[in-house]
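Okay, here's what each chain looks like letter by letter:
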Amino acid sequence: MERSPTLDELRVARSVPALHPTAGHFIMAAVLLVLGYFLVWPVVLLLINSFNAAGDWFVEPRVWGLRHWQNAFLRPGLLRSLGNSALIWLLTVSFSFPIGVAIAWLLARTRIPFSHSLEFMFWIAYMVPTLPTTIAWISLLDPDLGFINVGLTKLGLFTQGPFNIFSVPGIVWANLMGHGIAIKVMLLTPAFRNMDSTLEEAARVGGAGNLRTVFRVTLPLMLPAMMLVLALQLLRIFQSFETEYLLGMPFGFYVYSTKIFALIRDPVPNYGEATVLASMTLLVIALIIPVQRWILERRRYTTITGSFRPGLIDMGRWNYVAFGAIAALLVLLTIGPLFILVLGSFMTRIGYFTLGFTLDHWKFVLNDPVFIKALRTTLVLGATAAIISPLLFSVIAYILVRTRLPGRAALDLMVWCSGAIPGILAGLGLLWLFLGTPGLGFFFGTIWALIIVVILQGKTTGVNVMKGVFVQVGADMEEAARVAGAGWLRTYFRIWLPLLTPTLMLVAVMNFVAAAGATGSIILLASRDTMTLSLMALELSSIAVSNREAASIISIFIIAITVLGAIVVRALGARVGVRAHASAAPALANVTEAAKSGNLA
Amino acid sequence: MFGFLFLIFLAALFGDSFTLAGAAEKPAAFDEEWSKLIAAAKREGTVAVASGGAPSRQYRPVVEVFQKRFGITVEVSTGSATDTVNRVLAERKAGKYTMDIALISVREAQQRLLPSGSLIPFTPLLIHPEVLDKSVWYLNRHWYGDKNSNTIFIYHVSKEDKYEYWYNTDKIKEPETASLKKQTDFFDPRWKGKMLGQGMGDPSGLRQMIDSYFEPDRGPDWVKTYLLDAGLTFSDDRRILETWLVGGRFPLQPVVTGSEDLITLSKKGLPIKQAFLSKQVALIRAGGSGCCISAFANAPHPNAAKLFANWFLTKEAQTLTHTLIPNLDRSSLRNDVPVGEVPPDQRRVAGVEYGFPDADPKFGARQAEAQKWILKLWESRQK
């Protein structure tokens, strides 16, 4: 039996020189240098300093030693916290992954009604910050006071509330209702949409039913995309924090990230030990990269070619059943938390209906002199991240997947490793970078420093999602363009960009959300003049200020501008990209034809 | 020899009078110096204040008055005080000096700003007669929170002359609280599983435990039992704690800080009540970013900083802190400012001399040791 070509064999460089060697090497060197400096150097600075045995890095003189490495692993309960992190991650993924895959398949491969609107609703679910969602679920599932528990008890169905959010199942539930399911649907749906129906039709012609086709054809072809999503989730195993911290502490349940957070939040922050503990994620990455490469190189995953046909499965009345189930889930993921957020912003005090409603919190926020500045800064950061990041990440992903330039492995490693360190530690590394580099000090305290950070902060997810698409796209169209004499840039803009548009839109929205919600990575770099809405919300919901109602209003603004941004991005995407579904095949054929006829100008 | 000793005796006897007379005799000289200072400060145009927590917001209306009066922009950093200090220390380590004045807690200043050499003695900056006049300050002196008693100037303190605790009136009836007479009574098995407390991730929760460590009514053993064996449920989130207390899930909170919100909820008819236990020694404390002022070394706007520091401690500015900040949970150490928004339980009683551990030059080091011990205990809960 003939073996499928490997990924390396697929790379266009083998048949078509992807770049002029000199230009290619020059570009690669520049990419490695710039990204290495902004992504890896802060991590390296942190790791070097983890050998600075001083208790307070900023106060005590530098003393080299292994103290932090020894003490970090002697922390009480460290092993248990590792186990707890693994438990929460496994339980969350066991539910969210199959659900995410199933929903992505339903949205992308079946004739379910309003599939694009439903997909957009998952984007909105992703835009709702984790903290308000967790608070909303506490209000609903607190064992004694939660609305659902109280309601069930009052109805006489139970003698006491059956649900307890302060438990392991409670944490897993809050994670699922937070970003657990939404992010997977967001990342997987475009990949499922990019699948040529010819393969599924062939399976059906061969006598396979819908289910068999899914398991024998669709899912194996989606393996790279699913692997990437899983790997990205694994990266978060020691970083996911807020929900576990809020819900775990009351019953003495601590996860690994809680340990890291506690060290950073100590009255005298122990960045040394925090870095040591955070660096364990590098071990996870050491596991991810070879496994990912092994899976990608085993076989061929091309699902988009010049003869692309995006056919959909008609499930009959099950289309409506699936629609109902997804819509019900979306109510839990979006309408519920959003309703609680909006309601809370009008309540005298969240959680106390007896105290009545008020506009005072809105007046407080809108009259805050920092608010307009913060709104403006957030818009600038969000828009910049949404425009520049997807383009930059797509170029990096292109280099990684479609070229044979030397240094690709280093670049891939760079992208993964920079995601290993939690935001607040990365923020410290960046602070040193800006302060310690002659010439860069100028950026410190200005919006430019924040812009650099927000552009780069979504790189691990962004680049890997893009890689997933490049793996799916066949070489024929690019080859046709090259044969027709189009240069690399023209090929990129005329062939790749339209094909990538749905994923670019996705990455744009994700980066907009990340930029608008950034806290840890920018908190040490922002000044009063560059305060963002997310930092304002953080301050308002902090222990000292504890104005959760006002923080809710800020969250509402963040969600509102993100939704508006997403709508704009979708509208632009619809203009630039290849038309979806029915019209996609002719459009792709046109692109290929144009390329072949040399009419790409 | 006797003559010299006699002179010293006279100086000691009338020292304050000489100072006052001196200050009173110099208004013309002061006016000139003050005008020059204002002019120099205006040329600098800005004063950068490192602060954090609630006070960084509370003081906004106060600094606005300064801005209008002198035409100098005041940039007050907001957010967490620890983040502010981290940022300032990192900047200074890289040779970048952006801050002029610190409105930061004694603990942050003592443990981090002072040892890093970031602060300069504050006393020499004081030139305003209204500030220099020690007779208007509590016990006729200036109060500092550092070992040299010259750098971290304490201007606001909270008063603690009794222990406060809260309970849910639906779950605990008033007669039941009669058994609570001393601090160890909270450890009676009947309360096990019914109490809640602030976690050590909440700076106020930690601060309470440090204070408790040194108090004769509590002490280290009490702190250990409270954190490990008394069956309390902890959270760093005060809003969750509040909901538990009001809903009765955990109906007793033996240690409380920042109870203004609970008072408001209680006044609005929710079933919670404040109660008190006696305290052997009445204390005043300098806690949080709203207590103290100090000056940064290598300040980029030294004249504006000096002007701000002097103005902030005048009768006018301290009065503004009492009148413009609602429900202020502390009060000025100046005796000549009206009580304004300061609640009755925070007003110092004239003639009473309170214990003031934060002003003890040796207290800082002992406090740091206690803090380490408490955090170690706290972490041992996670085994």
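Every chain is numbered independently, its residues counted from 1 as its sequence is written. All chains are assigned letters beginning at A, and all ligands numbers beginning at 1, according to the order in which they are written. With pLDDT at 70 or above as the cut-off, local features in this predicted model cover only qualifying residues; side-chain atom pairs require 80 or more to be listed or tallied, and sums for whole chains, interfaces and linings still use all residues.

1. Some details on the overall build of chain B
Helix and strand counts for chain B come out as 15 helices and 12 strands. To get the radius of gyration, use the C-alpha atoms; to get the globule rule, take the number of residues to the power 0.38 and multiply by 2.2 Å. Taken over the C-alpha trace, chain B has a radius of gyration of 23 Å; the compact-globule value for 383 residues is 21 Å, and the two agree within 12%. Along the three orthogonal principal directions, the C-alpha set of chain B runs to about 70 × 55 × 40 Å. The exposure label follows from counting other C-beta atoms within 10 Å of a residue's C-beta, where the C-beta atoms are placed from the backbone and the thresholds are 20 or more for buried and 12 or fewer for exposed, leaving partly exposed in between. Burial analysis of chain B (383 residues in total) assigns 47% to the buried set. Expressed as a percentage of contacts within chain B between residues at least 6 apart in sequence, the contacts between residues at least 24 apart total 77%. The secondary structure listing takes helices from DSSP runs of H or I that are at least 4 residues long and strands from runs of E that are at least 2 residues long, numbered from the N terminus. Two residues qualify as a contact pair if the distance between their C-beta atoms, derived from the backbone, is within 7 Å.

2. Section: the overall build of chain A
What chain A contains, in helices and strands, is 27 helices and zero strands. By residue count, 50% of the 601 residues in chain A fall in the buried class. Across chain A, contacts joining residues at least 24 apart in sequence account for 78% of those joining residues at least 6 apart.

3. Points about the domain arrangement of chain B
Residue and element names in this part refer to chain B. Domain delimitation in this document rests on an assignment produced automatically or drawn from a domain database. Domain assignment breaks chain B into domain 1 (17-155 + 291-352) and domain 2 (173-285 + 369-380). Using only C-alpha atoms to locate each centre, domain 1 and domain 2 end up separated by 32 Å. Contacts between the two partners involve four residues from domain 1 and, on the opposite side, four residues from domain 2. Looking at the side of domain 1 that touches domain 2 residue by residue, the classes come out as one nonpolar, one polar and two charged. We call Asp, Glu, Lys and Arg charged. Ala, Val, Leu, Ile, Met, Phe, Trp, Tyr, Cys and Pro are nonpolar, and the rest, Gly among them, are polar.

4. Focus on the interface of chain B and chain A
Between chain B and chain A, the contact holds 47 residues from the first and 39 residues from the second. Taken together, the elements giving at least two residues each to the side of chain B that touches chain A come down to α3 (53-58), α5 (81-93), α6 (106-113), α9 (203-214), β8 (232-235), α11 (238-247) and α15 (363-380) of chain B. A total of eight residues in the side of chain B that touches chain A trace back to one element, the largest contributor, which is α5 of chain B. Considering only residue class, the side of chain B that touches chain A consists of 10 nonpolar, 18 polar and 19 charged.

5. Remarks on the domain arrangement of chain A
Residues and elements named next belong to chain A. Taken domain by domain, chain A consists of domain 1 (1-49 + 359-601) and domain 2 (76-302 + 316-353). Each side of the interface is counted separately: domain 1 has 48 residues, and domain 2 has 46 residues. Of all elements in the fold, only α1 (7-10), α2 (21-49), α17 (360-366), α19 (408-417), α20 (423-436), α22 (459-472), α24 (488-517) and α26 (548-576) reach the threshold of two or more residues within the side of domain 1 that touches domain 2. With 10 residues, the top contributor of residues to the side of domain 1 that touches domain 2 is α26.

6. A short note on the confidence of the model for chain A
Residues and elements named next belong to chain A. Looking at chain A, the pLDDT average stands at 81 and 89% of residues meet or exceed 70. The pLDDT score gives, residue by residue, the confidence of the prediction method on a 0 to 100 scale. Note that pLDDT drops below 50 for residues 1-19; the model gives that stretch 35 contacts with residues more than four away or on any other chain. Segment residues 580-601 is flagged for pLDDT under 50; beyond a separation of four residues in sequence, or across chains, it makes 39 contacts in the model.

7. Comments concerning the packing of helix α2 (residues 27-44) of chain B against helix α13 (residues 302-312) of chain B
Residues and elements named next belong to chain B. For the pair α2 and α13, the least separation of the axes is 7 Å and the interaxial angle reads 125°. Classified by the angle their axes make, α2 and α13 are oblique. Between α2 and α13 lies a crossing of left-handed hand. Judged by residue contacts, Leu37, Ile38, Ala40, Ala41 and Glu44 of α2 engage Asn303, Ala304, Lys306 and Leu307 from α13. Each residue belonging to the contact of α2 with α13 can be placed in one class, and the counts come to six nonpolar, one polar and two charged. For helices, the fitted axis covers only the stretch in contact; all axes are lines through C-alpha atoms, and the angles between them, taken along N-to-C directions, range from 0 to 180 degrees. The cut-offs work like this: below 35 degrees is roughly parallel, past 145 is roughly antiparallel, 65 to 115 is roughly perpendicular, and the gaps in between are oblique. We call a crossing left-handed when the near helix sits turned anticlockwise from the far one by less than a right angle, and right-handed when that turn is clockwise.

8. Comments concerning the packing of helix α4 (residues 78-109) of chain A against helix α13 (residues 256-265) of chain A
Residue and element names in this part refer to chain A. Axis separation between α4 and α13 bottoms out at 7 Å; the angle between their running directions is 125°. On the basis of the axis angle, α4 is oblique to α13. Residue-level contacts link Leu78, Ser81, Leu82 and Ser85 of α4 to Tyr256, Ser257, Thr258 and Lys259 of α13. Residue classes in the contact of α4 with α13 are distributed as three nonpolar, four polar and one charged.

9. Some details on the environment of Lys68 of chain B
Structurally, Lys68 of chain B is set in helix α4 (residues 60-70). Separated by 168 residues in sequence, Lys68 of chain B and Asp236 of chain B have C-alpha atoms that sit 39 Å apart.

10. Observations regarding the nonpolar core
We define the nonpolar core as any set of buried residues of the types Ala, Val, Leu, Ile, Met, Phe, Trp, Tyr and Cys, connected via C-beta atoms lying within 7 Å of each other. One finds Leu188, Val509, Leu525 and Ile554 of chain A to be the most contacted residues of the largest nonpolar core, which totals 208 residues. A total of 16 residues in this core trace back to one element, the largest contributor, which is α24 of chain A. Apart from residues lying up to four places away in sequence, Leu188 of chain A is in contact with Gly100, Val101, Ala104, Ala225, Met226 and Val229 of chain A. Formed by 58 residues, the second largest nonpolar core is a distinct cluster that contains Ile72, Met99, Tyr138 and Ala286 of chain B.

11. Notes on the pairing of β8 of chain B
Residue and element names in this part refer to chain B. Covered by surrounding structure in β8 are Leu232 and Phe234 together with Thr233 and Ser235, the residues of both alternating faces. Two strands make a pair as long as DSSP finds a minimum of two bridges between them. Where strand β7 (residues 195-198) lies against β8, four bridges are found, and the strand directions are parallel. By the bridge assignment, Met195 is partnered in β8 with Leu232.

12. Describing unusual backbone geometry
All names here are of chain B. If you check the backbone angles, Ser149 has positive phi at about 50° while not being a glycine. Within the secondary structure, Ser149 sits in the loop between α7 (129-132) and β5 (153-154). Exposure remark for Ser149: the 17 C-beta atoms within 10 Å place this residue in the partly exposed category. If you check the backbone angles, Asn298 has positive phi at about 55° while not being a glycine. As for its placement among the helices and strands, Asn298 is situated in the loop between β11 (292-296) and α13.

13. Here we look at helix α16 (residues 318-346) of chain A
Three- or four-residue spacings in an α-helix give side chains the same orientation, since the helix completes a turn every 3.6 residues. Residue and element names in this part refer to chain A. Given a rise of 1.5 Å per residue, 29 residues ought to cover 42 Å, and the 40 Å separating the end C-alpha atoms of α16 matches this to within 8%. Axes are fitted to the seven residues ending at a residue and to the seven starting at it; the angle between these axes is taken as the bend at that residue. The largest bend in α16 is about 40°, located at Val331. Listing the buried residues of α16 in full gives Ala322, Ile326, Leu329, Leu330, Leu333, Thr334, Pro337, Leu338, Ile340, Leu341, Gly344 and Ser345. Working rule for helices: expected span equals 1.5 Å times residues minus one.

14. Topic: the confidence of the model for chain B
Residues and elements named next belong to chain B. Looking at chain B, pLDDT values average 89 and 93% of them are 70 or higher. Note that residues 1-24 has pLDDT below 50 and, in this model, five contacts with residues that lie over four places away or in other chains. Complex prediction metrics read pTM 0.81 and ipTM 0.79.

15. A short note on α13 of chain B
Where burial is concerned, most of α13 of chain B is hidden: 10 out of the 11 residues are buried. Within the span of α13 of chain B, buried status applies to Asn303, Ala304, Ala305, Lys306, Leu307, Phe308, Ala309, Asn310, Trp311 and Phe312 of chain B.

16. A short note on the pairing of β11 of chain B
Residue and element names in this part refer to chain B. The element β11 is largely enclosed, with a buried count of five among its five residues. In this sheet, β11 lies alongside strand β3 (residues 101-102) in antiparallel orientation, the contact comprising two bridges. Within β11, the position partnered with Ala102 by the bridge is Ser294. In this sheet, β11 lies alongside strand β4 (residues 119-120) in antiparallel orientation, the contact comprising two bridges. Counterpart to Ile120 in the pairing with β11 is Ala295. As paired strands, β5 and β11 are joined by two bridges and run antiparallel to one another. If you follow Phe153 over to β11, its bridge partner there is Ile293.

17. Focus on the environment of Pro143 of chain A
Residue and element names in this part refer to chain A. Along the chain, Pro143 falls in the loop between α6 (130-141) and α7 (147-154). Each C-alpha atom of the pair Pro143 and Leu341 lies 21 Å from the other, and the pair is 198 residues apart in sequence. Once you skip the residues sitting within four places of it in the chain, Pro143 turns out to touch Asn149, Gly161, Phe163 and Asn164.

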